[in-house]
Amino acid sequence: MSLETKIMDQLKQAMRDKNDVALRTLRAIKAAILVEKTAAGASGEMTEADELKLLQKLSKSRKDSLEIFRTQNREDLAVKEEEEIAVIEQFLPKQLSTEEIENKVKEVIASVGATGPGDMGKVMGAATKQLAGQADGKVVSETVKRLLAAL
């Protein structure tokens, strides 16, 4: 079942339940899918990887906004962002813990034969492919930097 189909099913249910948070978020996801499908050069179809990237992008933008709202003491807006993040994350794969990310990055470092911080690009390329959708890129980058510095 495609993401768009899942979103439509959830959207109908949110309407029946009169769930404003889910409705608002699902409409935003649906709009983003539509924009992505009709963008210049798009084929009109999205692969599962494209759908995953789109959801991650939506989640990340809301997390960034949440951080800004918290620093500006706008708790009313921060709550909305948290609610939307929760709805979006229902469609994302389970995120790995810090310990799991560290173990995976260690495996990648060993597989590419990294010897120090100069190999950051090689390690990041392989790590982001392997951990796509399962970990935030910022966390992966920080873990890679820390582990390479220790070599």
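Please refer to the structure higher up on the page.
Let me begin by describing the structure that accompanies this report. (Residues numbered from 1 in each chain as written. Predicted model: local features only at pLDDT ≥ 70, side-chain atom pairs only at ≥ 80, totals over all residues. Heavy atoms only, no water.)

1. Regarding helix α7 (residues 137-149)
For clarity, the cut-off: Going along the chain from the N terminus, every DSSP run of H or I of four or more residues is numbered as a helix, and every run of E of two or more is numbered as a strand. Helix span is expected to be 1.5 Å times the residue number reduced by one. For each residue, the accessible area found with a 1.4 Å probe, counting protein chains only, is set against the maximum for its type, and the residue is called buried under 20%, exposed over 50%, and partly exposed in between. As used here, the arc is the angular range of directions from the helix axis to the C-beta atoms. Every residue pair with non-hydrogen atoms within 4.5 Å of one another is taken to be in contact.
For α7, which comprises 13 residues, the first-to-last C-alpha distance of 18 Å matches the rise-based estimate of 18 Å (1.5 Å per residue) to within 8%. The complete set of buried residues in α7 reads V140, S141, T143, V144, L147 and L148. In an axial view of α7, the angular spread of the buried residues amounts to 165°, which keeps them on one side of the axis. Exposed and oriented more than 90 degrees from the buried face of α7 are K138, K145 and A149. If you follow the buried residues of α7, they end up packed against α5 (98-112) and α6 (120-130).

2. Focus: the nonpolar core
One broad trend across soluble globular proteins is that nonpolar side chains are buried collectively. Keep this limit in mind: What makes a nonpolar core is a set of buried Ala, Val, Leu, Ile, Met, Phe, Trp, Tyr and Cys residues whose side-chain atoms join them at distances within 4.5 Å.
Core analysis: the largest hydrophobic core is formed by 18 residues, its most contacted members being I7, L26, I29, I33, L55 and F91. At the level of secondary structure, the elements contributing two or more residues to this core comprise α1 (3-17), α2 (20-38), α3 (48-71) and α4 (75-89). If you tally residues by element for this core, the top one is α2, at six residues. Once you skip the residues sitting within four places of it in the chain, F91 turns out to touch L3, K6, I7, Q10, L26, I29 and L55.

3. Concerning α4
For α4, which comprises 15 residues, the first-to-last C-alpha distance of 21 Å matches the rise-based estimate of 21 Å (1.5 Å per residue) to within 8%. Those residues of α4 lying buried are A78, E81, E84, I85, V87 and I88. For α4, the secondary structure elements touched by its buried residues are α2 and α3.

4. Here's the deal with the packing of α2 against α3
Threshold: Think of each axis as a best-fit line through the C-alpha atoms, taken over the contacting stretch in the case of a helix, with angles from 0 to 180 degrees between the N-to-C directions. In this scheme, roughly parallel covers angles under 35 degrees and roughly antiparallel covers those over 145, while 65 to 115 is roughly perpendicular and the rest are oblique. Note: crossing handedness is left-handed where the near helix turns anticlockwise from the far helix by less than a right angle, and right-handed where it turns clockwise. Asp, Glu, Lys and Arg are counted as charged, while Ala, Val, Leu, Ile, Met, Phe, Trp, Tyr, Cys and Pro are counted as nonpolar; the rest, among them Gly, fall into the polar class.
It is at 11 Å that the axes of α2 and α3 come closest, and there the two elements cross at 130°. As the angle between them shows, α2 and α3 are arranged oblique. Here α2 and α3 pass one another in a crossing that is right-handed. Seen from α2, the contacting residues are A28, I29, A32, I33 and E36; seen from α3, they are L54, L55, L58 and R62. Taken together, the residues that form the contact of α2 with α3 break down as seven nonpolar, no polar and two charged.

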